[in-house]
Structures are given as structure tokens and as C-alpha cells.
Amino acid sequence: KNAINGFRKAINKVNELNPDFVITGGDLVMDCLEQSYGRADSLYHIYTTMQTEFKMPVYNTIGNHEHYGWFSNSGADTNNPEYGVKMFEKRIGPRYQRVDRYGWTFFLLDAVQKNGPDAYIGGIDAEQMKWIKEQLVTIPDSVPIAISLHIPVLTMEAQIFNGATAANSGWEVVVNSKELLDAFKGYNLKLVLQGHLHYYETMHVFGIDFITGGSVAASWWEGPYYGTEEGFVLLKVKGDKVSWEYIDYGWKPEKSPKS
């Protein structure tokens, strides 16, 4: 679908805006869940090669599509040293990490858990929860904190599409979101950066801004997704104050040739 040219156009727009650094929101490749090793290898190669075109540091968040071989269609051997999250860790970096920049602390988390055969669920596992708590005790309570994770902590998606009493499904949200947010009580959590849903949504709850940042690919390179154009979020911070805007970088999908 001409994704390489689309992504390059987004990178060029980022370089034009010249932010201090980039945080990706996951789903960097499409798709490793149910593809062969050769296909997954080629997709990772494309992304890691293109990432070098950014002119500033890039910190990557893992999404569901980066987990190699979880689905049976892949034919993956679970003993493969790159099975699951290992492919991401070998080729891109840690599945979760802490980044301290400009007086802020950023927690980049893995919000995807395997949920039986051919399924995943949004969640933060016990290993990460333990690590988060260990990190927090080293951070003064005045330091502003941001979380980046692929699957949202909070969203109104189900309520918007299905009515006010509808519940989100487990693949749409972090199912232990309360446990995650409770870990940050008493600290200066200001911002939660989310992805997965491909549309742009913001909420301000109890002093925390939740931003679901659309998608560089929008409707998988076929045009806007429920009105959200192909794009990304540009964040600006001053002290612990945050402002942002959604950047439409101007991609237009190519028309399929007539048969």
C-alpha cells in the first residue's frame, strides 16, 4: 500500500518540525503475530532501516504487531530465540524502559499480553509493575511523569460507538489500568500517551492528560480513520505544563489501479 513512502513522508515532516526527540507508540511493523519468520524479519529490517532517517533520538514503544509468532498461522517454533517479544528486544530495544529528558521521566511500557492461542489482551504484567514501583521510589514527587504504551489505559471508544453503558473489550484497553494508575498515586503523573485505536482522542481526568494519538497510517494507508487523518502528535512542555496538536503530515493514499 506504498507504506514506505507514507512513513518516509511522516519522517520528513518530523524532521522539519525538529522536535528534541521522538517516542513511537507501537505497531511499528505490520504484522509479526501471524507471519512467517522470513516475513517478520523483512518487516523489522524495513523499520530499523527507516528509523535511521530521523534526525533526532527515537525511543520505541512496543505494540501488539511486534510480537513474533504468537498466532498459529505463523507456524512459529516457540523455542525460536526471537519468538514473541524477543524479536523486538533483539532488533529494536527493551520492551519497557525509563527515559529521563528535560526534567521529565518517561515510562515506555509493554501493554500487550498473550491471552491463550491466537489472542492477546491489554495489560501490564507483574514484572513491569514491580519495576515501575522500584523506579518510582527514586523519583521526587515533583518531577512530571509521562507514560507511553500502545494499548490505551482509558478510552471512550466503546461508549462513542455503542452507547454510554457499553464496556470496552480486553484487547482495546489495559485491563489492569486501575492497578497501573494506582502505582503512580502520590507522584506527578501528567501525561499518558496511547495508540492502538487509530483515531485521535483526548481526555483530562484528575489532572492527567490521556492522548490517543491517531496513527501515521490512519486506516492502514487507505485514508482517514473515522475522520482522523494520517498523522502524529506534537507535544510541547514548559515545566510540568503540556500542550499538543495533531499533525496531519499530508499523506494521500494512492488509488488502486483499475483492473
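For the structure itself, consult the block above.
Residues numbered from 1 in each chain as written. Predicted model: local features only at pLDDT ≥ 70, side-chain atom pairs only at ≥ 80, totals over all residues. Heavy atoms only, no water.

### Overview of helix H2 (residues 37-51)
For H2, spanning 15 residues, the distance from its first C-alpha to its last is 21 Å, which sits close to the expected 21 Å at 1.5 Å a residue. Taken as a whole, H2 has its buried residues at Ala40, Leu43, Tyr44, Tyr47 and Met50. The buried residues of H2 occupy an angular sector of 135 degrees when projected down its axis, which confines them to one face. As for H2, its buried residues are in contact with helix H1 (3-17), strand S2 (58-59) and helix H3 (86-91). (Helix = DSSP H or I, 4+ residues; strand = E, 2+ residues; numbered from the N terminus. Expected span 1.5 Å × (residues − 1). Buried < 20%, exposed > 50% of the residue type's maximum accessible area, 1.4 Å probe, protein only. Arc of directions from axis to C-beta. Contact = heavy atoms within 4.5 Å.)

### Digging into H1
The end-to-end C-alpha distance of H1 is 21 Å, a good match for the 21 Å that 15 residues give at a rise of 1.5 Å each. Within H1 the residues assigned to the buried category are Gly6, Phe7, Ala10, Ile11, Val14 and Asn15. The secondary structure elements touched by the buried residues of H1 are strand S1 (22-23), H2 and strand S11 (231-238). At the C-terminal side of H1, Asn18 shows a positive phi close to 55 degrees.

### Structural notes on the pattern of salt bridges
Enumeration according to the criterion identifies 14 salt bridges in this entry. A salt bridge links Glu127 to Arg95; its shortest N-O distance comes to 3.5 Å. With Glu127 in helix H4 (residues 126-136) and Arg95 in the loop between H3 and strand S3 (97-101), this residue pair connects regions lying 32 residues apart in the sequence. What emerges from the salt-bridge pattern is a single network uniting Asp41, Glu82, Lys90 and Arg91. (Salt bridge = Lys/Arg side-chain N within 4 Å of Asp/Glu carboxyl O.)

### Section: the nonpolar core
Looking at soluble globular proteins, one finds that nonpolar side chains tend to be buried together. Judged by nonpolar contacts, the single largest core of 31 residues is most densely connected at Phe107, Leu109, Ile124, Ile132, Leu149, Leu180 and Phe184. Secondary-structure elements contributing two or more residues to this core are H4, strand S7 (144-148), helix H6 (177-183), strand S8 (188-194) and strand S10 (208-213). The element that contributes the greatest number of residues to this core is H4, accounting for four residues. In this view, Phe107 contacts Gln97, Trp131, Ile132, Gln135, Leu136, Ile139, Ile145, Ala146, Ile147, Ser148 and Phe184; residues no more than four positions away in its chain are not counted. (Core = buried A, V, L, I, M, F, W, Y, C linked by side-chain atoms within 4.5 Å.)

### Comments concerning the pairing of S7
Burial analysis of S7 places five of its five residues in the buried class, the great majority of the element. Residue alternation in S7 divides its side chains into two sets, Pro144, Ala146 and Ser148 and Ile145 and Ile147, and both sets are buried. As paired strands, S7 and S8 are joined by five bridges and run parallel to one another. Following the sheet pairing, Pro144 is matched in S8 by Asn188. (Pairing = 2+ DSSP bridges.)

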